[in-house]
Amino acid sequence: MKKIFIGFIMFCISCFAAGENKSDIVGGIAITVNGDPITLYQIDQEEKKLKIDKKKAIDVLIAQRLKDQEIKRLNIRVDDSRIEAEIDNIAKHNGMDRDTFVSTLISQGINFGKYKDQLKEQIETQELLRNILLSNANTAGEAEMRSYYNKHKNEFSVPKEVETIRFVSKNPQALKKAIENPMMNVSGVEKGEEKISLESLNPQIAQVFIQTKKEAFTPVLNAGEGSYVAFFIKDKIGQTQVSFEQAKSFIAQKLIESSQDRVLDEYFEKIRVKANIHIIRE
């Protein structure tokens, strides 16, 4: 079963799985995973969909149940505004506005409601991966982190401050319109000048401002409580070096992500060992 869990998780992120419905119960329950059922019908469909044998199909479905249970346990929730913001980002990356992107999906025979459901599942999976990787950040040793810092000091040389114009809104569409037309006053979008000291920020957050060029917008960021924010960079002032202590958490995450296959595989293997998996029939 080596790598089946990590393989399944990455599969969830890279493509859309077919949805389940009431007909999935045909053939009866074959396996329960901590009480959640897997039916003979689902196993058969997984074999056909992924073109794999029955044993691998069962492993994939068990991994799916464990993944869904972890999402629930960690209270990972994705609201409609997050999904809408992600659709806007996908459309932008494909060189389209939202309406054109949606029309293109529909013209290709894709049900937009199901697309949103599948996108929600992908975002939940990405959040799960982030939680797992961050929870394992302390596995990166001090010496290894120090070595990375000394070899990549240019990554931690940052402007002291950035002068910005902050654009905030609870409406992703309105925020997008404001970014596209920064001189226009858009209803539902608040604007204000803000000088930000990068020395006080987590290096990972500071990187957003460092990587954004002057007279350009940062990516849209989740500001919490249903709000979204983007910053227009007016100027970058001064230069300073982030200390090793300030950079440690950022470096730990970088090191963990470089070995994420191993981390994720070990994580789900441990969960499977502890899971109550009951085989009723095969």
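See the structure shown above.
Bringing the sheet that holds strand β4 (residues 161-169) into the picture now. Here we have 4 strands laid out as an open sheet, ordered β5-β4-β7-β6, and antiparallel in their pairing. Strand pairing shows two members of the sheet lacking a second neighbour, β5 (189-197) and β6 (221-224), which therefore form its edges. This sheet shows a mean twist of 35° between the axes of neighbouring strands, independent of strand direction. Relative to strand β7 (residues 227-237), β6 is paired through 3 bridges, and the arrangement is antiparallel. Residue pairing in the sheet places Asn222 in a bridge with Tyr228 of β7. Sitting on the sheet, helix α8 (residues 172-180) touches β4, β5 and β7, and the angle it makes with β4 is about 135°.

As a further point, take the nonpolar core. Judged by nonpolar contacts, the single largest core of 21 residues is most densely connected at Ile38, Ile43 and Ile132. Of all elements in the fold, only β1 (29-33), α3 (54-73), α6 (112-135) and α11 (260-274) reach the threshold of two or more residues within this core. Here this core takes 6 residues from α3, the largest share from any one element. Beyond its immediate chain neighbours, meaning those up to four positions away, Ile38 contacts Ile29, Ala30, Ile31, Val33, Ile43, Leu61, Ile62 and Arg65. In terms of nonpolar packing, the next biggest core, distinct from the first, is built from 19 residues, Phe156, Leu198, Ile251 and Leu255 among them.

Before going further, it helps to examine the packing of helix α2 (residues 40-50) against α3. Where α2 meets α3, the axes come as close as 9 Å, and the angle between the chain directions of the two elements is 110°. With respect to their mutual orientation, α2 and α3 come out roughly perpendicular. Between α2 and α3, the residues in contact are Gln42, Ile43, Glu46, Glu47 and Leu50 and Lys54, Ala57, Ile58, Val60, Leu61 and Arg65, respectively. Looking at the contact of α2 with α3 residue by residue, the classes come out as 6 nonpolar, 1 polar and 4 charged.

The next subject is unusual backbone geometry. With the exception of glycine, most residues fall at negative phi, and the peptide bonds are largely trans. Notably, Asn34 is not glycine yet its phi reads approximately 50°, a positive angle. Tracing the chain through its elements places Asn34 in the loop between β1 and β2 (36-39). Of note in this structure, Glu215 is not a glycine but carries a positive phi near 60°. By secondary structure assignment, the location of Glu215 is in the loop between α9 (203-211) and β6.

All right, on to the packing of α3 against α11 then. Where α3 contacts α11, the two axes come as close as 11 Å, and the packing angle between them is 95°. When the axes of α3 and α11 are compared, the pair comes out roughly perpendicular. Residues Asp59, Ile62, Leu66, Lys67, Glu70 and Arg73 of α3 touch α11, and the partners they reach there are Tyr267, Phe268, Ile271 and Arg272. For the contact of α3 with α11, the per-class residue count stands at 5 nonpolar, no polar and 5 charged.

Definitions and limits used
- Residues numbered from 1 in each chain as written.
- Predicted model: local features only at pLDDT ≥ 70, side-chain atom pairs only at ≥ 80, totals over all residues.
- Heavy atoms only, no water.
- Pairing = 2+ DSSP bridges.
- Helix = DSSP H or I, 4+ residues; strand = E, 2+ residues; numbered from the N terminus.
- Axes fitted to C-alpha atoms, helices over the stretch in contact; angles between N-to-C directions.
- Contact = heavy atoms within 4.5 Å.
- Core = buried A, V, L, I, M, F, W, Y, C linked by side-chain atoms within 4.5 Å.
- Buried < 20%, exposed > 50% of the residue type's maximum accessible area, 1.4 Å probe, protein only.
- Parallel < 35°, antiparallel > 145°, perpendicular 65-115°, else oblique.
- Nonpolar A, V, L, I, M, F, W, Y, C, P; charged D, E, K, R; others polar.

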